[in-house]
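Analysis of the macromolecular model
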Amino acid sequence: MTSTAEPRPMRADARRNRRRVLDAARVAFEEGGAEVQMEDIARRAGVGVGTIYRHFPTKQALVDELIDEWLADGAANAAEALRVDDPWDGLAQFVRRSAEVMSRNRGLRMVFGDIGLLFDENTGHQNRELHDNTTRLIDRAHAAGTLRADIGLHEFRTLMCGLAMTVSLAGPDERRVYTDVFLQGLRA
């Protein structure tokens with residue numbers, strides 16, 4: 001006999017522990033990238049390693065959850081950029097904020113550096129809102145005649161991955177220069 005009952009909702013303390021693990025993992029991966037150990041995350045979260053594994057059976061499952069959160073953050077960044085009246089200024093705001101986030105987030109840079117992982121539809125890391133908002137930013141800039149006609153979503157995402165790697169090697173002043181050069185290259 002097969003049960004069709006829905007899984008029990010997570011207890012409040014389990015939800016809090018899960019969030020603590022995610023918050024600690026986010027900081028740990030931002031600082032240390034993929035080399036971070038589960039023991040370090042547990043220590044930062046104030047929980048035992050077993051608690052992490054109850055919520056995330058593998059380190060990759062934890063990383064996958066963080067990727068989904070980072071993509072959601074990117075979607076919110078793009079949504080905010082869409083509220084900027086000028087299409088070019090909105091696109092530039094999105095690029096600048098993305099570069100700033102990527103410059104201080106080693107784990108995110110590692111994800112963006114692997115285009116195949118991030119944009120392969122089979123990985124499950126598609127964020128429809130990020131995709132749609134970025135498409136709208138690009139379409140608005142095209143309609144305004146401010147974005148090169150040969151830059152579509154695929155080209156833009158690929159170039160953003162390159163920018164992620166570039167800003168990872170730069171200090172704050174260089175990051176601004178590299179981001180400005182990047183934007184000049186996109187401009188019609």
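Provided above is the structure to which this section pertains.
None of the values given here were measured: they were computed from a predicted structure.

**Some points on a nonpolar patch on the surface**
Taken together, the side chains of Val177, Tyr178 and Val181 define a hydrophobic patch exposed on the protein surface, amounting to about 260 Å² of accessible area. You can see valine 177 is positioned in helix 10 (residues 172-186). Under the relative-accessibility criterion, valine 177 is labelled partly exposed at 49%.

**Quick word on the side chain of threonine 179**
Mapped onto the elements of the fold, threonine 179 is located in helix 10. Classification of threonine 179 as buried rests on a relative accessible area of 3%. Non-local contacts of threonine 179, meaning those with residues more than four positions away in its chain, are made with Val95, Arg96, Ala99, Leu163 and Val167.

**A closer look at the packing of aromatic side chains**
Counted according to the given criterion, the structure contains 1 aromatic pair. Look at phenylalanine 94 and phenylalanine 156: their rings are 6.2 Å apart centre to centre, the planes differ by 25°, and that puts the pair in the stacked class. Taken together, the positions of phenylalanine 94 in helix 5 (residues 87-104) and phenylalanine 156 in helix 9 (residues 153-168) put the pair 62 residues apart, joining distant regions of the chain. Per residue, the accessibility class of phenylalanine 94 equals that of phenylalanine 156, and both read buried.

**Focus: the nonpolar core**
Ile41, Leu62 and Phe156 are the most contacted members of the largest nonpolar core, which has 47 residues in total. Elements that contribute at least two residues to this core include exactly helix 1 (12-32), helix 2 (38-45), helix 4 (59-82), helix 5, helix 8 (128-143), helix 9 and helix 10. For isoleucine 41, the contacting residues outside a window of four places in its chain are Val21, Ala24, Ala25, Ala28, Phe29, Val36, Ile52 and Leu62.

**What to know about the packing of helix 8 against helix 9**
Interhelical geometry of helix 8 versus helix 9 gives an angle of 105° and a closest axis separation of 10 Å. As far as their axial angle goes, helix 9 and helix 8 are roughly perpendicular. Listed contacts from helix 9 to His131, Thr134, Thr135 and Ile138 of helix 8 are Leu153, Phe156 and Arg157. Residue composition of the contact of helix 8 with helix 9, grouped by class: 3 nonpolar, 3 polar and 1 charged.

**Brief notes about helix 8**
Its 16 residues give helix 8 an end-to-end C-alpha distance of 22 Å, which sits within 8% of 22 Å, the value for a rise of 1.5 Å per residue. Buried within helix 8 are the following residues: Leu130, Asn133, Thr134, Leu137, Ile138 and Ala141. All buried residues of helix 8 fall inside an arc of 135° around its axis, so they share one side. Within helix 8, the exposed residues directed more than 90 degrees away from the buried face are Arg128 and Ala143. Where helix 8 is buried, its residues contact helix 4, helix 5 and helix 9. A positive phi of about 75° marks glycine 145, the residue just after helix 8.

Rules and cut-offs
Residues numbered from 1 in each chain as written. Predicted model: local features only at pLDDT ≥ 70, side-chain atom pairs only at ≥ 80, totals over all residues. Heavy atoms only, no water. Patch = residues over 30% accessible without salt bridge, like charges linked within 9 Å, V, L, I, M, F, W, Y side chains within 5 Å. Areas by Shrake-Rupley, 256 points an atom, 1.4 Å probe, with all protein chains shown as cover. Salt bridge = Lys/Arg side-chain N within 4 Å of Asp/Glu carboxyl O. Helix = DSSP H or I, 4+ residues; strand = E, 2+ residues; numbered from the N terminus. Buried < 20%, exposed > 50% of the residue type's maximum accessible area, 1.4 Å probe, protein only. Contact = heavy atoms within 4.5 Å. Phe/Tyr/Trp six-rings, centres within 6.5 Å; stacked < 30°, edge-to-face > 60°. Core = buried A, V, L, I, M, F, W, Y, C linked by side-chain atoms within 4.5 Å. Axes fitted to C-alpha atoms, helices over the stretch in contact; angles between N-to-C directions. Parallel < 35°, antiparallel > 145°, perpendicular 65-115°, else oblique. Nonpolar A, V, L, I, M, F, W, Y, C, P; charged D, E, K, R; others polar. Expected span 1.5 Å × (residues − 1). Arc of directions from axis to C-beta.

Limitation: the analysis is restricted to geometry and does not speak to function.
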